[in-house]
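Here is what each chain is made of, one letter per residue.
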Amino acid sequence: ALEAGAKADVWSLSDDDLQATIVACEALAARQAAIGLRLLREADARDLGRRLGATSTTGWLRHRLRLRPGEAKVRVDLANRLRVGEPADGPVDFAANVGTTAGGRSMPETAAALAAGEVSVDHAAVIAKTMVELPGGLSTEQEQVAESKLAGWAREHDPITVGRLGRHLVHALD
C-alpha cells in the first residue's frame, strides 16, 4: 500500500482529497510511532541494548538508528510511560533490565490517543514532560485527571499550546 501511495499521481487529487490524505497520513504516522514505542518499551524491559553489547537500550538505539543522544533518551523514556492494556508486571526475566520503570505517572490516555492517531509523538513528549513536572504529593487519581486533561488538550491544540496549558496546570496544582 505504501509503495502504491508513493507512486500515486497526487496532482490528480482534488483539494478535499489532498487535505484528507495529508491528515490521514499524519494519523497513520502517529499510530506507527505508537507501535514503535511499544516495541522499544519491550526492548528496554528485556535490556536488549546491553544484551547486544551497548551500555543501555538508549545507547543501542542511538547507535543503531543513528540518533542524537537526547532523542534516543526521549524515545526510551516516552516508551516506558506509554502503556495501554498491558500488565504492569509480567513474567520476571532476571537477565533483563528489571530496574527500568516509567518513573510512575504513566500516561494511558495519551498512549490511547497516540495509538488511535489522534495526537502526535510531539504531543506525547510534551505531556510526558508536564507529568514529570507535576508537584509531589498528588494522589494517583489527581495524576490521572491531570494526564486525561493534557491528552484532551492535545487532541485540540498544537504541542506548544499543550505545553503552555501544562505549565499552567502545574502551577495551579502546586
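None of these values were measured; they are calculated from a predicted model.

Rules used throughout
- Residues numbered from 1 in each chain as written.
- Predicted model: local features only at pLDDT ≥ 70, side-chain atom pairs only at ≥ 80, totals over all residues.
- Heavy atoms only, no water.
- Helix = DSSP H or I, 4+ residues; strand = E, 2+ residues; numbered from the N terminus.
- Expected span 1.5 Å × (residues − 1).
- Contact = heavy atoms within 4.5 Å.
- Salt bridge = Lys/Arg side-chain N within 4 Å of Asp/Glu carboxyl O.
- Buried < 20%, exposed > 50% of the residue type's maximum accessible area, 1.4 Å probe, protein only.
- Polar contact = N/O pair within 3.5 Å; in protein donor to acceptor, adjacent residues only side chain to side chain.

Comments concerning helix H2 (residues 15–45)
With 31 residues, H2 should cover 45 Å at 1.5 Å per step; its first-to-last C-alpha distance of 45 Å lies within 8% of that length. In this structure, the buried residues of H2 make contact with helix H3 (48–51), helix H4 (57–65), helix H5 (69–81), helix H6 (108–115) and helix H7 (121–133). Positive backbone phi, at 60°, marks Asp47, one or two positions downstream of H2.

Remarks on the pattern of salt bridges
Proximity of charged atoms lets side chains of opposite charge pair with each other. What the rule picks out here adds up to 6 salt bridges. Two residues, Asp47 and Arg50, come together in a salt bridge whose shortest N-O distance is 3.1 Å. Residue classification places Arg50 among the partly exposed positions, given a relative accessible area of 47%. Residue Glu133 pairs with Lys129 through a salt bridge whose shortest N-O separation is 3.9 Å.

Here we look at H4
The N-capping residue of H4, defined by a side-chain oxygen 3.3 Å from the backbone nitrogen of Thr58, is Ser56. Positioned one or two residues after H4, Arg66 has a phi angle of 55°, which is positive.

Concerning the side chain of Thr57
Along the chain, Thr57 turns up in helix H4. Residue Thr57 is classed as buried on the basis of its relative accessible area of 2%. Not counting residues up to four positions away in its chain, the partners in contact with Thr57 are Leu40, Ala43, Asp44, Asp47, Leu48, Gly49 and Val76.

Digging into the side chain of Thr110
Relative to the elements of secondary structure, Thr110 occurs in helix H6. Note on Thr110: relative accessible area 1%, which makes it buried. Setting aside anything within four residues of it in sequence, one finds Thr110 in contact with Leu82, Val119, Ala124, Ile127, Glu147 and Ala151.

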